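Examination of the molecular architecture
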Amino acid sequence: MPKFFSKKDELRILSEEHPDSVRVKMIGEQIVEALESDLKAMKSENVSVAHLRGLEWEFVVGDMPVVGAYCLAGGKIVVYRAFLEQIKSNRCPKIDTKKL
């Protein structure tokens, strides 16, 4: 269980084996892979994304009726199940890091 949640909130986090958790991790890893690939390709140190290098990303799913997701410091990503219901595809969109 992630250490960045309170005891109360831990009860609402799905297990890593839950299908929604597996889905979020798969999509998240696609996004991180694309981001890291683009970061390696950058020739100069772009201050707006330099802090993303070397993070240990962690993805969890909250079992709450919230349509949303957020990122905590250090690459901790929380996605709520109600948000997942709105997403039809498991494919990661192309990220344009030139706009970062």
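Being a predicted model, the structure only gives us computed values, none of them experimental.

Cut-off values and rules
- Residues numbered from 1 in each chain as written.
- Predicted model: local features only at pLDDT ≥ 70, side-chain atom pairs only at ≥ 80, totals over all residues.
- Heavy atoms only, no water.
- Helix = DSSP H or I, 4+ residues; strand = E, 2+ residues; numbered from the N terminus.
- Buried < 20%, exposed > 50% of the residue type's maximum accessible area, 1.4 Å probe, protein only.
- Contact = heavy atoms within 4.5 Å.
- Areas by Shrake-Rupley, 256 points an atom, 1.4 Å probe, with all protein chains shown as cover.
- Pairing = 2+ DSSP bridges.
- Axes fitted to C-alpha atoms, helices over the stretch in contact; angles between N-to-C directions.
- pLDDT = per-residue confidence, 0-100.
- Core = buried A, V, L, I, M, F, W, Y, C linked by side-chain atoms within 4.5 Å.
- Polar contact = N/O pair within 3.5 Å; in protein donor to acceptor, adjacent residues only side chain to side chain.

Description of the overall build of the protein chain
Secondary structure summary: the protein chain contains 3 helices and 3 strands in total. Secondary structure elements in the protein chain, listed N-terminal to C-terminal, are α-α-β-β-β-α. In the protein chain, which comprises 100 residues, the share counted as buried stands at 31%. Counted over contacts in the protein chain with a minimum sequence separation of 6, partners at least 24 positions apart contribute 48%. Accessible surface computed for the protein chain: about 7,100 Å², of which carbon and sulfur atoms make up 55%.

Some points on the sheet that holds strand S3 (residues 76–80)
The 3 strands lie next to each other as S1-S3-S2, forming an open sheet whose pairing is mixed. Two strands lie at the open edges of the sheet, namely strand S1 (58–62) and strand S2 (69–72), each paired on one side alone. Ignoring strand direction, the axes of neighbouring strands in this sheet form an average angle of 20 degrees. Of the strand pairs in this sheet, S1 and S3 are connected by 5 bridges, and their pairing is parallel. In the strand pairing of S3, Phe59 is matched with Ile77. Lying on the sheet, helix H2 (residues 19–41) is in contact with S1 and S3; it crosses S1 at an angle near 145 degrees.

Here we look at the confidence of the model for the protein chain
Residues with a pLDDT of 70 or more make up 70% of the protein chain, whose mean pLDDT is 77. Looking at the elements of the protein chain, mean pLDDT is at its lowest for helix H1 (residues 7–10), recorded as 56, and at its highest for S1, recorded as 92.

Examining the nonpolar core
Within the largest apolar cluster, 8 residues are counted, these being Leu14, Val24, Val32, Phe59, Val61, Ile77, Val79 and Leu84. Contributing elements (two or more residues each) for this core: H2, S1 and S3. Excluding its chain neighbours within four sequence positions, the residues that come into contact with Leu84 are Asp20, Arg23, Val24, Val61 and Val79. Formed by 5 residues, the second largest nonpolar core is a distinct cluster that contains Ile13, Val60, Met64 and Val78.

Overview of the side chain of Asp20
Within the secondary structure layout, Asp20 lies in helix H2. Engagement of the side chain of Asp20 in a polar contact is seen with the side chain of Arg81, the distance being 2.8 Å. In this structure, Asp20 is in contact with Leu14, Val61, Arg81 and Leu84, ignoring residues within four places of it in sequence.

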